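An overview of the molecular structure
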Amino acid sequence: MQKLTAWVRSMFVKYKHIICYLFFGLITTVVNIGTYWLCYDILHIPNLISNVIAWITAVIVSFVTSKIWVFRSKTWTADIVIPEIIKFGGARLLTLLIDEVIMGVGVDLLHFNGLIMKLVSGVVVVILNYLFSRIWVFRKKDQV
């Protein structure tokens, strides 16, 4: 049992960034869906406006959780945070466009199942968001 515990602990330490990213990604997804539901179903805000409100809310949650817990970027001074926010938002806009292209081509042009395409798109977007955040947004100075 000790060997298993030690192995699990070593895997967690080795893949901590990815595990934290996936955990907080799940939270962000719940926030996104919950915000959309609240806006669209409860407040009766039109679909696309509800989707944008949900996306903005999810990006804010994702930025804060990524900065604090995933990439452990501890500096909150304006000269650090403002470029991080701009890079983070830009990367998220880019992956939003990629998501739209995958969904448009897969569902509207090729007539694939929407749910399956959303899953495919989601995997691509999650991987790209992680890479953009790790390599570009929250890069430590010694990684430059």
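Residues numbered from 1 in each chain as written. Predicted model: local features only at pLDDT ≥ 70, side-chain atom pairs only at ≥ 80, totals over all residues. Heavy atoms only, no water.

Across its full length, the protein chain holds 5 helices and 0 strands. Considering only C-alpha atoms, the protein chain reaches an extent of 50 × 45 × 30 Å along its principal axes. Expressed as a percentage of the 144 residues in the protein chain, the buried residues total 26%. Expressed as a percentage of contacts within the protein chain between residues at least 6 apart in sequence, the contacts between residues at least 24 apart total 57%. With an accessible surface of roughly 9,800 Å², the protein chain has 75% of that area assigned to carbon and sulfur atoms. (Helix = DSSP H or I, 4+ residues; strand = E, 2+ residues; numbered from the N terminus. Buried < 20%, exposed > 50% of the residue type's maximum accessible area, 1.4 Å probe, protein only. Contact = heavy atoms within 4.5 Å. Areas by Shrake-Rupley, 256 points an atom, 1.4 Å probe, with all protein chains shown as cover.)

This part is about the packing of helix α3 (residues 47–70) against helix α4 (residues 78–109). For the pair α3 and α4, interaxial distance at closest approach is 11 Å and the crossing angle is 130 degrees. Classed by the angle they form, the pair α3 and α4 counts as oblique. Regarding α3 and α4, the two cross each other, and that crossing is right-handed. On α4, the residues touching Trp55, Val59, Ser62, Phe63, Ser66 and Lys67 of α3 are Ile80, Val81, Glu84, Ile85, Phe88, Arg92, Leu93 and Leu96. (Axes fitted to C-alpha atoms, helices over the stretch in contact; angles between N-to-C directions. Parallel < 35°, antiparallel > 145°, perpendicular 65-115°, else oblique. Left-handed = near helix turned anticlockwise from the far one by under 90°.)

Moving on: a nonpolar patch on the surface. The grouping of Phe12, Val13, Tyr15, Ile18, Ile19, Leu22 and Val126 at the surface amounts to a nonpolar patch, some 600 Å² of accessible area in total. Counting residues per element, the ones that place at least two in the nonpolar patch are α1 (2–14) and α2 (16–42). The leading source of residues in the nonpolar patch is α2, at 3 residues. The residue isoleucine 18 is located in helix α2 in this model. A relative accessible area of 39% places isoleucine 18 in the partly exposed class. (Patch = residues over 30% accessible without salt bridge, like charges linked within 9 Å, V, L, I, M, F, W, Y side chains within 5 Å. Salt bridge = Lys/Arg side-chain N within 4 Å of Asp/Glu carboxyl O.)

On to a positive patch on the surface. There is a patch of like positive charges on the surface, built from Lys16, Arg72, Lys74, Arg134 and Lys140. Locating lysine 16 in the fold gives a position in helix α2. For lysine 16, a relative accessible area of 31% gives the class partly exposed. (Lys, Arg positive; Asp, Glu negative; His and termini not counted. Charge placed at Lys NZ, Arg CZ, Asp CG, Glu CD.)

Turning our attention to the pattern of salt bridges. Within the structure shown, the criterion is met by 2 salt bridges. A salt bridge links lysine 118 to aspartate 99; its shortest N-O distance comes to 3.0 Å. Separated by 19 residues along the polypeptide, lysine 118 in helix α5 (residues 114–137) and aspartate 99 in helix α4 bring together distant segments of the chain.

As a further point, take the confidence of the model for the protein chain. Mean pLDDT over the protein chain stands at 89; residues scoring 70 or higher make up 97%. No element of the protein chain has a lower mean pLDDT than α5, which averages 88, and none a higher one than α4, which averages 92. (pLDDT = per-residue confidence, 0-100.)

Right, let's get into unusual backbone geometry. It is generally the case that most residues other than glycine have a negative phi and that most peptide bonds are trans. Located in the positive-phi region is histidine 44, a residue other than glycine, with phi close to 60 degrees. Classification of histidine 44 by relative accessible area gives exposed; the value is 63%. Positive phi values are uncommon outside glycine, yet arginine 72 reaches one of about 50 degrees. Summarising the element assignment, arginine 72 is placed in the loop between α3 and α4.

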